[in-house]
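Here's the letter readout for the chains.
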Amino acid sequence: MKDDHTLSFDEFDETVNPRSEHCEFDTVVEQALSRRGFLGGVLVVGGFATLGGAVLPTGVKAAVNRFAFDAVPVSTSDSISVPAGYKSEVVVRWADPMWSDSVAFDQGTRGTATTQARTFGDNTDGMEVFMHEGRTLLTINNEYTNRSIIWGNRTDAKPENDDDIEKGLLAHGVTVVEIGHDGDRWGVVIDSPFNRRITPNTEMTLTGPAAGHALVKTDADPAGTTTLGTWNNCGSGKTPWGTYLACEENFNGYFSAEDENHEVSAELKRYGVSASDWGYSWAKIDDRFDVAKNPNEPNRAGYVVEIDPRDANSTPKKRTALGRFKHENAECVVNNDGRLVIYMGDDERGEFLYRYVSDGVYAAGVDTDALMENGTIFAAKFHDTGAGEWLVLTPETTGMTQAEICVHTRIAASKVGATTMDRPEWVTANPNSSEMYCALTNNKNRGLKTNKGGDETPVGGPNPREKNKYGQIVRWTPMNDDHTSAEFKWDLYVLAGNPKVHSDDKAGSENVNLGNMFNSPDGLAFDSTGLLWIQTDGKYSNEGDFEGQGNNQMLAGDPVTGEIRRFLVGPREAEVTGLCWSGDRKTMFVGIQHPGERGNSNWPDGGNTVPRSAIIAVTRDDGGLVG
């Protein structure tokens, strides 16, 4: 395989496991044209009026503007842009000390395995704030690390020894850190008893239907109940009882085999596991990442991991009942009848949107373990009429055991005929209604290739564009406001695009204009007032189809009017991802991931310094509420 540091996880997956070129696209086009002339010009820069009954926002104006800021212009600078009257500051960066015995970041060596183990992890993503005993605990995913940066001091940016490999491994995982405000700025509370690094070496418990099953047993763990570590956690979640949900995404890229011709099982291929890894070389220092020696080890990754940030000695739990796939985030909703409902996206081209419904109810004193051990998984089916249904994944509907469903969830969803989606990213719940929103970030294969399981990816429904470069946000409302209902209604909140370059469906929906255009919506979160915050992880070339869109950004959207306004622009080559607020809502914490991933940034320290992912705090100059 080509050793290219610029390959994304998606590109890596397609390199080691190319998709079939076959897709019944001609049939799809004929059906779409016969429905409403949809592909024949209804979807244009004026917004498309209907897709079976699914209506996009039409630009209706609110009586009172809900945005407490003026729009920020597009930027290509290597800095953070925020509105007038706001400021941003760095709270914590990759490899910043968390304990008094931690060693500060070394610009020359970029640290060692020993220093990394005692400092903040790399490439921040999903995060949540927990208020506990008057303290502010920030819990953050450290998704991955850029080889060209962490090993940028080495020849060809490759690890030269075992310590280099281990340093990269220890930069992954989750960081729990107490932060405090000294009256001037936010910073890490050094030596806080709550500070913790959770890495790929941290012991964890497997729970739920898959625990103890033959599929998750290994020589090191013949009981199949204890595993080591979590890595490539993307989005996050927060339970009603105050624990953190880390979501394992592209776990597959860390497994390899000494024999590059080693063939893995069809089930592992479905998840992108192969004899080639993404260049991290973990199998060279730990046999559990050698898929030839430990073929069941990948079955122990790809879950939602529950972590208690209030107890630094607690053991994280992998919740297999929620299914195994490339989790983006986990949005928890307590239904009207008390049952816990968790919405989750599988972030890969042509994969599915899921829902988990607990058997039991959430109430004071209830056994919360049971809520994420005993329940049912569903996959979403979207109809072109604007209706939708949740297809239950059970032994009766799939022909699989419950444990197999939890380990091979993608295969189960394929069996019931769920809708293949344009990379379901973050899901978020409107606090003022029963509406749910999901970012469908993009899909260059839409209408052209099957997904990894051979499922067709036809144009239509919530995925209305062939070779989708820009992405969209779908929203749905459960029937009768009941999140456990089998039925829902859906529409598209926004169809991202570029009206500067295009005048057809690629221009986007009516609520996209030259002043707010963007591509590849990714992170989503509502604030307590009901504004939808949209973070992007897309193309920042600022040319061609992306001319005029600048660096990745964060915008705010009004779910009532559809209006969208740009709030923040990140530095060069960075993704803006992860969002939460301080307890008093006077500070917004935002994650800046992989600045300079292609070598063109020195953020946040400037000059000739190494680019470092970081968490920033955004506040108002007048000390008011943010959002």
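As the structure is a prediction and not an experimental result, all values here were calculated from the model.

Student: I'd like a description of the overall build of the protein chain, backed by residues and values.
Tutor: Tallying secondary structure elements over the protein chain gives 10 helices and 30 strands in all. Its C-alpha atoms put the protein chain at 65 × 60 × 55 Å along the principal axes. Across the protein chain, the centroid of the 59 positively charged side chains sits 2 Å from that of the 92 negatively charged ones.

Student: Before we move on, can you summarise empty space enclosed by the protein with the specific residues and values?
Tutor: Enumeration according to the criterion identifies two cavities of 30 Å³ or more in this entry. What the largest cavity holds in volume is close to 60 Å³. Trp94, Ala95, Val103, Ala104, Phe105, Asp106, Arg110, Gly111, Thr112, Thr115, Gln116 and Thr119 together form the lining of the largest cavity. Across the lining of the largest cavity, the residue classes tally to five nonpolar, five polar and two charged. In this structure, the second largest cavity occupies an estimated 40 Å³ of space. Surrounding the second largest cavity, Phe518, Asn519, Thr536, Lys539, Gln549, Gly550, Asn551, Asn552 and Gln553 form its lining.

Student: How would you explain the side chain of Thr441 if you had to name every residue and give the values?
Tutor: Secondary-structure assignment places Thr441 in the loop between strand E21 (436-440) and strand E22 (472-478). Ignoring any residue separated from it by four or fewer positions in sequence, one finds Thr441 in contact with Asp422, Arg423, Glu425, Tyr470, Gly471, Ser520 and Pro521.

Student: I'd like a description of the sheet that holds strand E29 (residues 587-593), backed by residues and values.
Tutor: One open sheet accounts for four strands, arranged E1-E30-E29-E28; its pairing is antiparallel. Of all strands in the sheet, those bounded by a partner on one side alone are strand E1 (86-93) and strand E28 (575-581). In this sheet, adjacent strand axes meet at a mean angle of 30° when their direction is disregarded. Sheet topology note: the E28/E29 ladder contains five bridges and is antiparallel.

Student: Describe helix H5 (residues 162-170), listing the residues and the values that go with them.
Tutor: Listed in full, the buried residues belonging to H5 are Asp164, Ile165, Lys167, Gly168, Leu169 and Leu170. In this structure, the buried side of H5 is in contact with helix H3 (113-117), helix H4 (147-150) and strand E6 (196-198). One side-chain oxygen of the residue at the start of H5 lies 3.1 Å from the amide nitrogen of Asp163, identifying that residue as Asn161.

Student: Any chance you could break down the nonpolar core for me, citing the residues and the numbers?
Tutor: Side chains of a nonpolar character, in soluble globular proteins, are inclined to be buried together. The biggest cluster of nonpolar side chains holds 62 residues, and the ones touching the most others in it are Ile342, Met344 and Tyr354. Setting aside its immediate chain neighbours within four residues, Met344 contacts Val304, Leu322, Phe325, His327, Asn329, Ala330, Leu353, Tyr354, Tyr356 and Val427. Counting 24 residues, the second largest nonpolar core, distinct from the first, contains Ala574, Val576, Val590 and Ile616.

Student: Explain the environment of Lys489 to me, and be specific about the residues and the numbers.
Tutor: Inspection of the secondary structure puts Lys489 in strand E23 (residues 487-495). The exposure class assigned to Lys489 is exposed, which follows from its relative accessible area of 55%. Linking Lys489 and Gly386, residues 103 residues apart in sequence, is a C-alpha distance of 5.7 Å. For Lys489, the contacting residues outside a window of four places in its chain are Gly386, Arg475, Trp476, Thr477 and Met479.

Student: Just give me the short version of the packing of aromatic side chains, but keep the residues and values in it.
Tutor: For the structure shown, the criterion picks out 34 aromatic pairs. The interplanar angle of 85° and the centroid separation of 6.4 Å between the aromatic rings of Phe352 and Tyr354 together place this pair among those described as edge-to-face. A residue is classified by how much of its surface remains accessible, and Phe352, at 1% relative accessible area, is buried. With a centroid separation of 5.2 Å and an interplanar angle of 70°, the aromatic rings of Phe382 and Phe488 are classed as edge-to-face. With a gap of 106 residues between them, Phe382 in strand E17 (residues 375-382) and Phe488 in strand E23 connect regions that are remote in the sequence. For the pair Phe382 and Phe488, a shared accessibility class is recorded, and that class is buried. Here the aromatic cluster, defined as three or more aromatic residues joined through ring pairs, consists of Tyr144, Trp151, Trp231, Tyr254, Phe255, Trp278, Tyr280, Trp282 and Phe289. Above the face of the Trp231 ring, Lys318 is positioned so that its terminal group lies 5.6 Å from the ring centre. The ring of Tyr271 has Arg410 sitting right over it, with the charged end atom 5.1 Å from the ring centre.

Student: Explain helix H10 (residues 409-416) to me, using residue names and the numbers behind them.
Tutor: Listed as buried for H10 are Thr409, Arg410, Ala412 and Ala413. Within H10, the buried residues cover an arc of 160° as seen down the axis, which keeps them to one side. Looking one or two places after H10, you find Gly417, whose phi comes out positive at around 80°.

Student: Let's hear about the layout of surface pockets: which residues, and what values?
Tutor: The calculated volume of the largest pocket comes to roughly 930 Å³. Those elements giving two or more residues to the lining of the largest pocket turn out to be helix H1 (9-16) and H4. Tallying contributions element by element places H1 first for the lining of the largest pocket, with three residues. Computed from the structure, the second largest pocket encloses a volume of approximately 680 Å³. Around the second largest pocket, the lining comprises 31 residues; the ones closest to its centre are Glu128, Lys238, Glu331, Phe526 and Trp581. Ranked by residues supplied to the lining of the second largest pocket, first place goes to strand E13 (residues 327-334) with five residues. Broken down by class, the residue content of the lining of the second largest pocket amounts to 17 nonpolar, nine polar and five charged.

Student: Could you give an account of the environment of Asn445, with specific residues and numbers?
Tutor: Tracing the backbone shows Asn445 in the loop between E21 and E22. For the pair Asn445 and Asp527, spaced 82 residues apart in sequence, the C-alpha to C-alpha distance is 33 Å.

Student: Would you mind going over the sheet that holds strand E7 (residues 203-207) in detail, with residue names and values included?
Tutor: The mixed open sheet is built from six strands, whose spatial order is E8-E7-E12-E11-E10-E9. Two strands close off the open sheet at either side, each with one partner strand: strand E8 (226-228) and strand E9 (233-238). Neighbour to neighbour, the strand axes of the sheet diverge by 35° on average, direction disregarded. As judged from the three bridges shared by strand E11 (residues 304-307) and strand E12 (residues 317-319), these two strands associate in the antiparallel manner.

Student: Explain the pattern of salt bridges residue by residue, including any values.
Tutor: This model, assessed by the stated rule, comprises 38 salt bridges. For Asp221, the salt bridge goes to Arg300, with nearest N and O atoms at 2.9 Å. Linking Asp221 in the loop between E7 and E8 with Arg300 in the loop between helix H6 (266-270) and E11, this pair joins segments that are 79 residues apart in sequence. Across the pair, Arg300 and Asp221 agree in class, each one buried. A salt bridge links Arg300 to Glu297, with the shortest nitrogen-to-oxygen separation between them at 3.2 Å. For the pair Arg300 and Glu297, one class covers both residues: buried. Where salt bridges share partners, they join Arg270, Lys326, Asp346, Glu348, Glu351, Arg410, Lys452 and Asp455 into one cluster.

Here is what the cut-offs are and how they apply
Every chain begins its residue count from 1, and numbering advances along the sequence as written. In view of the model being predicted, local features appear only for residues whose pLDDT reaches at least 70, and side-chain atom pairs are presented and counted only at 80 or more, with totals across whole chains, interfaces and linings using the full set of residues. Excluding hydrogens and water, the side-chain figures rest on all heavy atoms present in the structure. A run of H or I in DSSP becomes a helix once it reaches four residues, and a run of E becomes a strand once it reaches two; helices and strands are each numbered from the N terminus. Counting rule applied: Lys, Arg positive; Asp, Glu negative; His and chain ends not counted. The atoms used to mark charge sites are NZ of Lys, CZ of Arg, CG of Asp and CD of Glu. A 1.4 Å probe that fits but cannot get out identifies a cavity on a 1 Å grid over protein atoms alone, an open set with protein on both sides within 12 Å along at least five of seven lines counts as a pocket, and a residue lines either if it has an atom within 4 Å of a point. Grid points are joined across faces, edges and corners, and a volume is the space filled by probe spheres set on the points. Classification used: nonpolar for Ala, Val, Leu, Ile, Met, Phe, Trp, Tyr, Cys and Pro, charged for Asp, Glu, Lys and Arg, polar for all others including Gly. Two residues form a contact once any of their heavy atoms are found within 4.5 Å. For two strands to count as paired, DSSP must find a minimum of two bridges between them. Axis definition: a line fit to C-alpha positions, over the contact stretch in the case of helices; interaxial angles, taken between N-to-C directions, run 0 to 180 degrees. Any residue under 20% of the maximum accessible area for its type is buried, any over 50% is exposed, and the rest in between are partly exposed; the area is computed with a 1.4 Å probe on protein chains only. We define a polar contact as two N or O atoms separated by no more than 3.5 Å, with the added condition that, inside protein, one atom must be a possible hydrogen donor and the other a possible acceptor, whereas residues neighbouring each other in sequence contribute only through side-chain atom pairs. In plain words, nonpolar cores are sets of buried Ala, Val, Leu, Ile, Met, Phe, Trp, Tyr and Cys residues tied together by side-chain atoms within 4.5 Å. Aromatic rings from Phe, Tyr and Trp, with only the six-membered ring used for Trp, were paired whenever their centres fell within 6.5 Å, and each pair was classed as stacked if the ring planes differed by under 30 degrees, edge-to-face if by over 60, and tilted otherwise. Geometrically, a lysine NZ or arginine CZ counts as sitting over a ring once it is within 6 Å of the ring centre and also within 35 degrees of the ring normal. What the arc describes is the spread of directions from the helix axis to the C-beta atoms. Whenever a carboxyl oxygen of Asp or Glu lies within 4 Å of a side-chain nitrogen of Lys or Arg, that contact is scored as a salt bridge.

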